[in-house]
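Close look at the chain arrangement
The lines below spell out each chain.
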Amino acid sequence: QFGDIDILVNNAAINKADSFVTTTEKAWRDIVEVNVNGLYYVTKPILKQMLRQRSGNILNISSIGALRALPTSVHYATTKAAVIGFTKCLSRETAQFGVNVNCIA
């Protein structure tokens, strides 16, 4: 409707600080749903448009928690590490089509 899409910033995330042993299954699912699945749900339709136009930039926000062991953050760190893996793989897949995918932690 508004033309080309130049940039997507994936910044949505939640965290429920708790030890792994006491983290509920619901809390785990909620964090994965927002921090990982949300990345998929938003990126896929936007990426399709960027590939059609053969240009675009996707910026994913991870966390230092993905790179460092922080107490009460195993669930958050796991999802933010997934953001890094997602970024690396998608970057390799889309670069040849003019779409840049990067991550900030």
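Here, the structure is the one placed above.
Quick caveat: nothing in here was measured; it's all calculated off a predicted structure. (Residues numbered from 1 in each chain as written. Predicted model: local features only at pLDDT ≥ 70, side-chain atom pairs only at ≥ 80, totals over all residues. Heavy atoms only, no water.)

1. Description of the pattern of salt bridges
The criterion, for reference: By definition here, a salt bridge exists when the distance from a side-chain nitrogen of Lys or Arg to a carboxyl oxygen of Asp or Glu is within 4 Å. Labels follow the DSSP assignment, with helices taken as runs of H or I lasting at least four residues and strands as runs of E lasting at least two, numbered in each case from the N terminus.
Scanning all chains against the criterion turns up three salt bridges. Glu25 serves as the salt-bridge partner of Arg29, at 2.8 Å between the closest nitrogen and oxygen. With Arg29 and Glu25 both in helix α1 (residues 25-53) and four residues apart, the pair spans about one turn of that helix. With a shortest N-O distance of 2.7 Å, Lys26 and Asp30 are connected by a salt bridge. With a gap of four residues between them, Lys26 and Asp30 both fall in helix α1, about one helical turn apart.

2. A look at the sheet that holds strand β1 (residues 7-10)
How we decide: Two strands make a pair as long as DSSP finds a minimum of two bridges between them. With axes taken as lines fitted to C-alpha atoms, and helix axes fitted only over the stretch in contact, angles between N-to-C directions fall between 0 and 180 degrees. Only heavy atoms enter the contact rule, under which two residues are in contact if any of them lie within 4.5 Å.
The three strands are arranged β1-β2-β3 in an open sheet whose pairing can be described as parallel. Looking at which strands have only one partner, the edges of the open sheet turn out to be β1 and β3 (99-104). For this sheet, the mean inter-axis angle between neighbouring strands, taken without regard to orientation, is 15°. Taken together, the six bridges between strand β2 (residues 56-61) and β3 define a ladder with parallel strand orientation. Bridging across to β3, Ile61 finds its partner in Ile104. Where α1 meets the sheet, it contacts β1, β2 and β3, and its direction lies at approximately 170° from that of β1. Each of β2 and β3 touches helix α2 (residues 74-94); the most contacted strand, β3, lies at about 160° to it.

3. Details of a nonpolar patch on the surface
Heads up, the rule is: What makes a patch is a set of residues exposed beyond 30% relative accessible area and free of salt bridges, joined within 9 Å when like-charged and within 5 Å when nonpolar (Val, Leu, Ile, Met, Phe, Trp, Tyr). In short, Shrake-Rupley with a 1.4 Å probe defines the accessible areas, and a residue's cover is counted only from the protein chains shown.
Together, Phe20, Val21 and Val74 line one region of the surface with nonpolar side chains, adding up to about 330 Å² of accessible area. Mapped onto the elements, Val74 comes out in helix α2.

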